[in-house]
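Listed here are the chains, written in short residue letters.
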Amino acid sequence: MVRSVALLTAACLLAGGCASFPDEPAPTQWSAQPQLTPQAGPRPELPGEYRPAPGEQGRGQQPPQSVPPPQGCKDFNPAVIATCLNTVTGVAPIGGDAQGGVAAYATERGGRLVKVSKDVDPVVVAQLEVDASTDGGLTGLALSATFAEDQLAYVYVTTATDNRVLRIAPGDSPKPILTGIPKGPSGNRGVLASDRKGALLVATGDAGNPALAADPASLAGKVLRIDGFGQPAQGNPTAGTAVVSSGLKLPGGLCVSADTTKIWVTDWAANADVVYRVTPGKLGEAAWTWPERPGVMGCASLSDVLWVNTSKIPGSQNLPMNPEGAFTGKPTVSDEDGSEFGRRGPMEQINDSAALIGTVNKAGGQPVSSDDRVAIVVRDGGGSPGKD
């Protein structure tokens, strides 16, 4: 399972990568690319990490004392980088803060995009008019691959008339790049991710109408692949259309492995919560099913495990898998008692051991005074998950 530790450095973030895509992506083909082997670098120090005294064994162990409960918006868990937000629906690391910790963007369902970092009040980047009266609102976030230069963010929102993708640039009003995604009494939530090849993946709900999800002419209930202007990306299964696969109901998370060979989407399907492995031209059968409906949300595809956050019960589901992406056992649960972070929503992979998460305790959980929060979780070494 996952164990929470303190904040990662900006260098770790840049090395691990995050969901992003360029404003003007170069032509790409929809095909698996060979995994690149990054150059080895120094092991990043984790601010607040327990350091044994000389002669002590077990570098990186948790300190023996427990973390005090939060006091108001002050959270003493060193993994937490933002507190007292409303329901968090998207997270994206953007580099380091002035103290050498992590800075990130986060979205709230009610319409705010904020910049967050530890012990600093959130800075509002954009306040969007959204319709959160159903299961929509502001529900998805991804950044430009050249964010350090252009500061572009992309969000998925529900408006009074439709669901759409907006591009947000500094000093400019949000610009819609993909509109007309059907809106209904339900099935309005959508999520975003980079395909790690220069295009944006968009998972859309079915607007409460399964027939739309099956209709190739509709944008509802689909996985879409677009460029930074909202046009169908080059190399899509069918030229001239953004549709990659069909059949979603209410997607909760979308993630891509670092080597681009595995794409996953979680969904609240008709009879169970599921995760699909997306392949060009089809959604296929569910790769894993949760009949108990834990409320699957954000995910992170690591080399040997798929992390899936859950919003109706605490913690995350950790599905062990082989290099080909086949699951090799039943999921284990991290933070099952909710003592660390409770119910979790979005997740964004940082590297093969760490992910950024946002909590959703204000949307039906048992919030503490510092909820909702943005935090970093890191698993134990050796490739097997450990307890938070």
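What you see is a predicted model, and the numbers here were worked out from it, not measured in a lab. (Residues numbered from 1 in each chain as written. Predicted model: local features only at pLDDT ≥ 70, side-chain atom pairs only at ≥ 80, totals over all residues. Heavy atoms only, no water.)

Participant: So what about unusual backbone geometry? Which residues, and what values?
Facilitator: Asp371 connects to Asp372 through a cis peptide bond whose omega is -10°. For Asp372, the location among the structural elements is in the loop between strand S24 (354–359) and strand S25 (374–379). Even without glycine at this site, Arg196 takes up a positive phi of about 65°. In this fold, Arg196 is placed in the loop between strand S11 (191–194) and strand S12 (200–203). (Helix = DSSP H or I, 4+ residues; strand = E, 2+ residues; numbered from the N terminus.)

Participant: How would you explain the environment of Leu302 if you had to name every residue and give the values?
Facilitator: Along the polypeptide, Leu302 turns up in the loop between strand S19 (296–301) and strand S20 (305–310). Judged by its relative accessible area of 2%, Leu302 falls in the buried class. In this structure the C-alpha to C-alpha distance between Leu302 and Lys262, which are 40 residues apart in sequence, comes to 9.8 Å. If near-sequence neighbours (up to four positions away) are discounted, Leu302 is found in contact with Trp307, Met321, Gln349, Asn351, Asp352 and Arg379. (Buried < 20%, exposed > 50% of the residue type's maximum accessible area, 1.4 Å probe, protein only. Contact = heavy atoms within 4.5 Å.)

Participant: Describe in detail the sheet that holds S19, supporting the description with residues and values.
Facilitator: Strand pairs in the sheet, formed through backbone hydrogen bonds, run parallel or antiparallel to each other. Spatially, S19-S20-S21-S22 is the arrangement adopted by the four strands of the open sheet, whose pairing is antiparallel. Here the strands that pair on one side only, and so sit at the sheet edges, are S19 and strand S22 (332–334). Between one strand axis and the next, the sheet turns by 25° as a mean value, whatever way the strands run. (Pairing = 2+ DSSP bridges. Axes fitted to C-alpha atoms, helices over the stretch in contact; angles between N-to-C directions.)

Participant: So what's going on with the pairing of strand S8 (residues 153–158)? Residues and values would help.
Facilitator: Most of S8 sits out of view: six of its six residues are buried. In this sheet, S8 lies alongside strand S7 (residues 138–143) in antiparallel orientation, the contact comprising five bridges. Each residue of the ladder has a partner; that of Gly140, found in S8, is Tyr156. The pairing of S8 with strand S9 (residues 163–168) spans six bridges and is antiparallel. When the bridges of S9 are listed, Ala153 appears paired with Ile168. A loop of four residues connects S8 with S9, the two strands running antiparallel in sequence.

Participant: With reference to specific residues and values, describe the state of the cysteines.
Facilitator: Applying the stated criterion across every chain, the model contains two disulfides. Paired through a disulfide, Cys73 and Cys84 show a sulfur-sulfur distance of 1.9 Å. Looking along the S-S bond of the Cys73-Cys84 disulfide, the torsion reads about -105°, which is the left-handed sense. Of this pair, Cys73 sits in the loop between helix H1 (10–16) and strand S2 (80–82) while Cys84 is found in the loop between S2 and strand S3 (88–96), placing the two residues eleven residues apart along the sequence. Here Cys255 pairs with Cys299 through a disulfide, and the sulfurs are 2.1 Å apart. Its S-S torsion of approximately -115° makes the covalent link between Cys255 and Cys299 left-handed. Taken together, the positions of Cys255 in strand S15 (residues 251–256) and Cys299 in strand S19 put the pair 44 residues apart, joining distant regions of the chain. For the pair shown, Cys255 and Cys299 are each scored as buried. When the bonded cysteines of the protein chain are numbered from the N-terminus onward, they pair as 1-2, 3-4. (Disulfide = S-S within 2.5 Å.)

Participant: Before we move on, can you summarise the packing of aromatic side chains with the specific residues and values?
Facilitator: For the coordinates displayed, the defined rule picks out three aromatic pairs. Seen in terms of ring centroids, Trp264 and Phe327 are 5.3 Å apart; in terms of plane orientation they differ by 25°. Their pairing is stacked. Here the residue Trp264 occupies a position in strand S16 (residues 263–268), and Phe327 occupies one in the loop between strand S21 (316–320) and S22, the gap between them amounting to 63 residues. Phe327 shares its class with Trp264; the two are buried. Relative to Phe327, the ring of Trp288 lies with its centre 6.2 Å away and its plane at 85°, an arrangement referred to as edge-to-face. Here Phe327 lies in the loop between S21 and S22 and Trp288 lies in strand S18 (residues 286–290), a separation of 39 residues in the sequence. Residue classification places Phe327 among the buried positions, given a relative accessible area of 18%. (Phe/Tyr/Trp six-rings, centres within 6.5 Å; stacked < 30°, edge-to-face > 60°.)

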